[in-house]
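# Observations on chain architecture
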Amino acid sequence: MTENAAVEVQKASRVYGAGSSAVRALDEVSLTIRRGEFFTLLGPSGCGKTTLLRLIAGFETPTTGQILIDGKDVSQTPPNQRRVNTVFQSYALFPHLTVSQNIGFGLEMLGRPRAQIKDAVARMLALVKMEKMADRRPQMLSGGQQQRVALARALAPEPEVLLLDEPLSALDLKLRKEMQLELKRLQTETGITFVFVTHDQEEALTMSDRIGVMSAGNLLQVGAPREIYNRPVNRFVADFIGETNFLTATIRNGIPRLSNGEAVQAKGPARLDGKTVTLAVRPEQVRIDPEGPIHATIAQTVYFGTDTHCHLRLADGTELVARLQSPPSGDIGLKAGEKVRIGFVPGAVQMLEG
Amino acid sequence: MARSSPARTGWLLSTPALILLFIGALGPLAIVVVYAFLEPGEYSGVVWNFSTEAWFRVFFERDIFDDTVSMADAHLTIFWRSVKLSLLTTFITFVIGFPTAWFIATRPPTQRAIWLFLITIPFWTNLLIRTFAIMEVVRNQGLLNSFLMWTGVIGRPLQILYTDTAVLIGMAYVYLPLMVLPLFAAIDRFDFKLIEAGYDLYASRTKVLRRVILPIVRPGIVAGSILVFVPSLGAYVTPRILGGGKNMMIGNFIELQFGQGRNWPLGAALSLILLLIVLVALIAYVRVTSNDGGRDGQT
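As the structure is a prediction and not an experimental result, all values here were calculated from the model. All residue numbers here refer to positions counted from 1 along the written sequence of the relevant chain. Note on labels: chains are lettered from A, ligands numbered from 1, in written order. This being a predicted model, a pLDDT of at least 70 is required before a residue's local features are given, and a value of 80 or more before pairs of side-chain atoms are given or counted; all residues contribute to the totals for chains, interfaces and linings. To obtain the side-chain values, all non-hydrogen atoms of the structure were included, while hydrogens and water were left out.

### Thoughts on the overall build of chain A
Here is the rule: Labels follow the DSSP assignment, with helices taken as runs of H or I lasting at least four residues and strands as runs of E lasting at least two, numbered in each case from the N terminus. Residue contacts are defined here by distance: any two heavy atoms, one from each residue, within 4.5 Å place the two residues in contact. The Shrake-Rupley method, run with a 1.4 Å probe, gives the accessible areas here. Residue values count only the displayed protein chains as cover. Positive: Lys, Arg. Negative: Asp, Glu. His and the chain ends are not part of the count. For the purpose of locating charges, the reference atoms are NZ of Lys, CZ of Arg, CG of Asp and CD of Glu.
From N to C terminus, chain A includes 8 helices and 19 strands. Principal axes of the C-alpha set define a box for chain A whose edges measure 75 × 50 × 40 Å. Pairs at least 24 residues apart make up 66% of the contacts formed inside chain A by residues separated by at least 6 positions. Carbon and sulfur atoms form 50% of the exposed surface of chain A, whose accessible area is close to 16,100 Å². Across chain A, the mean location of the 41 positive side-chain charges is 2 Å away from that of the 38 negative side-chain charges.

### Focus: the pairing of strand S8 (residues 193-198) of chain A
Residues and elements named next belong to chain A. Note the cut-off: For each residue, the accessible area found with a 1.4 Å probe, counting protein chains only, is set against the maximum for its type, and the residue is called buried under 20%, exposed over 50%, and partly exposed in between. Between any two strands, at least two bridges found by DSSP are needed for them to pair. Looking down the strands as they point away from the viewer, one classifies a crossover as right-handed if the path from the first strand across the helix to the second runs clockwise.
Summarising burial for S8: 6 of the 6 residues are buried, a large majority. Neither face of S8 is open: one carries Thr193, Val195 and Val197, the other Phe194, Phe196 and Thr198, and all of them are buried. Alignment of strand S3 (residues 38-42) against S8, held across 5 bridges, turns out to be parallel. Bridge assignment links phenylalanine 38 to a residue of S8, and that residue is phenylalanine 194. The pairing of strand S7 (residues 161-165) with S8 spans 5 bridges and is parallel. Residue pairing in the sheet places leucine 163 in a bridge with valine 195 of S8. Traced from S7 through helix H5 (residues 173-190) to S8, the parallel crossover comes out right-handed.

### What about the sheet that holds strand S15 (residues 294-303) of chain A?
Strand pairing in a sheet is mediated by backbone hydrogen bonds. Such pairs are either parallel or antiparallel. Residue and element names in this part refer to chain A. Using the following cut-off: Axis definition: a line fit to C-alpha positions, over the contact stretch in the case of helices; interaxial angles, taken between N-to-C directions, run 0 to 180 degrees.
Ordered in space as S14-S18-S15-S16-S17, the 5 strands form an open sheet in which the pairing is antiparallel. Two strands in the sheet have a free side with no partner beyond their single neighbour: strand S14 (286-288) and strand S17 (319-325). Pairwise comparison of adjacent strand axes, ignoring direction, gives a mean angle of 45° for this sheet. The sheet contact formed by S14 and strand S18 (residues 339-344) spans 3 bridges and is antiparallel. Across the sheet, valine 286 pairs through a bridge with phenylalanine 344, a residue of S18.

### Side note on the domain arrangement of chain A
Residues and elements named next belong to chain A. This is how it is decided: Domains are outlined according to an automatic or database domain assignment. A simple way to read buried area is as the amount of 1.4 Å-probe accessible surface that goes missing from two parts once joined, with both sides added. In the sections that follow, a salt bridge refers to a side-chain nitrogen of Lys or Arg positioned within 4 Å of a carboxyl oxygen of Asp or Glu.
Domain boundaries in chain A define domain 1 (5-237) and domain 2 (243-352). Between domain 1 and domain 2 the total buried area reaches about 690 Å² when both faces are included, carbon and sulfur atoms providing 44% of it. Considering only the side of domain 1, the residues that lose the most area to domain 2 are Tyr229, Pro232 and Arg235, jointly responsible for 71% of the buried surface there. At the surface where domain 1 touches domain 2, the tally comes to 0 salt bridges.

### Topic: the environment of A:Leu219
Residue and element names in this part refer to chain A. Of note, leucine 219 is situated in strand S10 (residues 218-223). Separated by 106 residues in sequence, leucine 219 and proline 113 have C-alpha atoms that sit 42 Å apart. Contacts of leucine 219, omitting those with residues within four sequence positions, involve Val29, Ser30, Leu31, Leu41, Gly212, Val213 and Met214.

### As for the packing of helix H6 (residues 127-138) of chain B against helix H8 (residues 164-189) of chain B
Residue and element names in this part refer to chain B. For the record, the criterion: What sets the label is the angle itself: under 35 degrees gives roughly parallel, over 145 gives roughly antiparallel, 65 to 115 gives roughly perpendicular, and the rest give oblique. Put simply, a crossing is left-handed when the front helix is turned counterclockwise from the back one by less than a right angle, and right-handed when it is turned clockwise. Side-chain classes follow a simple rule in which Ala, Val, Leu, Ile, Met, Phe, Trp, Tyr, Cys and Pro form the nonpolar group, Asp, Glu, Lys and Arg form the charged group, and the remainder, Gly included, forms the polar group.
At their nearest, the axes of H6 and H8 sit 10 Å apart, and the two run at 135° to each other. In this view, H6 runs oblique relative to H8, as classed from their interaxial angle. The two elements H6 and H8 meet at a crossing, and its hand is right-handed. Of the residues in H8, those touching H6 at Leu127, Arg130, Ile134 and Val138 are Ala166, Ile169, Gly170, Tyr173 and Val174. Its residues placed into classes, the contact of H6 with H8 shows 7 nonpolar, 1 polar and 1 charged.

### Some points on the side chain of B:His75
All names here are of chain B. By the element assignment, histidine 75 lies in helix H4 (residues 73-105). By relative accessible area, which is 11% here, histidine 75 ends up buried. Histidine 75 has contacts with Arg57, Val58 and Phe253, leaving out every residue within four places of it along the chain.

### Describing the pattern of salt bridges
Pairs may arise between side chains of opposite charge once their charged atoms sit close together. Considering all chains together, one arrives at 27 salt bridges over all chains under this definition. Close ionic contact of A:Asp70 with A:Arg35 constitutes a salt bridge, the shortest N to O distance being 2.5 Å. Remark: A:Arg35 occurs in the loop between strand S2 (23-34) and S3 and A:Asp70 occurs in the loop between strand S4 (64-69) and strand S5 (72-73); sequence separation between them is 35 residues. For A:Asp70, a relative accessible area of 30% translates into the label partly exposed. A:Arg35 gets classed as partly exposed once you look at its relative accessible area, which sits at 43%. The shortest N-O distance in the salt bridge between A:Glu284 and A:Arg323 comes to 3.9 Å. Linking A:Glu284 in the loop between strand S13 (276-281) and S14 with A:Arg323 in strand S17, this pair joins segments that are 39 residues apart in sequence. By relative accessible area, which is 24% here, A:Glu284 ends up partly exposed. Classification of A:Arg323 as partly exposed rests on a relative accessible area of 24%. By sharing partners, the salt bridges in this structure join A:Arg14, A:Arg54, A:Glu60, B:Lys193 and B:Glu196 into a single network.

Below, the structure written as structure tokens:
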């Protein structure tokens, strides 16, 4: 339907088992992934993101609903007839084949001529900088190198969509950072649509064009990283992406007030008057401000180098974290037990349902 | 140096193994080799005179009256039947054993032990008794023929007992666990994600089987084939009972020489020929299978 959609998921559900023990891994999820974008499915383990990926790959068929790739319904099409390739979490490289043979496998199965396969393999080896390892077996490679081969193998047949199932989770932190940039570079260079699955919110924020946040088989919010971070639709998204402080407030005359009556600098729609809402505010948006409207006590301060985290307790017992930039001396000059007043950066407070 | 070198200590420590190897394997083999070059005694045993007559008689026979020499066709028929039946047994056990091993390896871990246990149950019973049981199944009034006649597929009982087919059925049954167990061990280690990877990369189901699964579980196939082929070639009990003495295999023929034939040197020479066939078969097999790795790529 959408002109430039690479993948369309229409009310797709996946149920495992039957009867009372049935598990609904995916619950009527609808989603459109645009051609050429880096799309990330983000959520905790068991949220259904891998199930959704497997539905797109064709390893499983939706219990109800449809999967469209390039405008065609492929819900019942086996994986070997979908122009989609997967980079597996465990890489799943063929141990009996060399790096070159692994990369050429897809093209060989598609029945491409030998010369063309050879060219493509050489191009892929160069793309992932593995030329020197062409004749090695996967077992002789490090985790990072195996990762590159898995990528090259999945990219070689030039799929419509490349699916990546937590491909970086087995790498150490430094290598993971490198591969994040590498993946982004590959995606830009090849122009192929990437669908990336991760539970790491930082990974999602740094690499993606758009993110879909999932929980318990549902897609909660789809949007650009900034949108997801700054305008979370509910408490789960706000909590899952980055660190967030939550405050409970009641709206009176359009102004949210804490239980002791202190007003929060935010605007509540008049229709919510008298209702209790949850306010979310990021730690970096909290200020220690002698003019601030809210009274708080400092519980403790934790030094993180560039930042100092200041744990605060409000009058009603709510705990709040303020992330303050460390001054040159390194000491922000606040002691545990000290009474302060705080405020929020204008526009930083989100009002959430639930 | 005052202290003994590690190499010498190593030799010392391995003497028990070496002694066992000598007494158990090399010693008897040496006796067989020596006997193959002696003359047969009148009633049994050997006469200590060097002779290559036994080797001559393996392949040729001399006419009693005019001493003309001709090929020993009967012997060659026995060799060929042994090799043919052993290869067929290996093939049949593989065709039945592979799906069986796959089935067991894909069960939940708690059920696997039960299936493996069931596979090993035939080992509990004496080979002779199991072979007689097969006889009961394939004989003219046996289970198989009765069933086939009851269903109306055949009008008269099939003569299966005392044919090569009966020997084949018996050997396939007896050696099946030896194929299933190494195959199971190989499939159990197999990473099933690789099947998905194959499908994902445009391989059809048969291509996944041929290009991904079989090459990776090859060590299990090789081990199973050797474990079935080698004892099949030397089988004695099964062809003796199910083949009825007429359809001999090498094992029965060798036994004949040490028993009724009273020609120990010929028996020894035949044993060495059997050893040679096994050796050639193994070398050929290892060569064929180890070349595969380089063959199935495009580079």
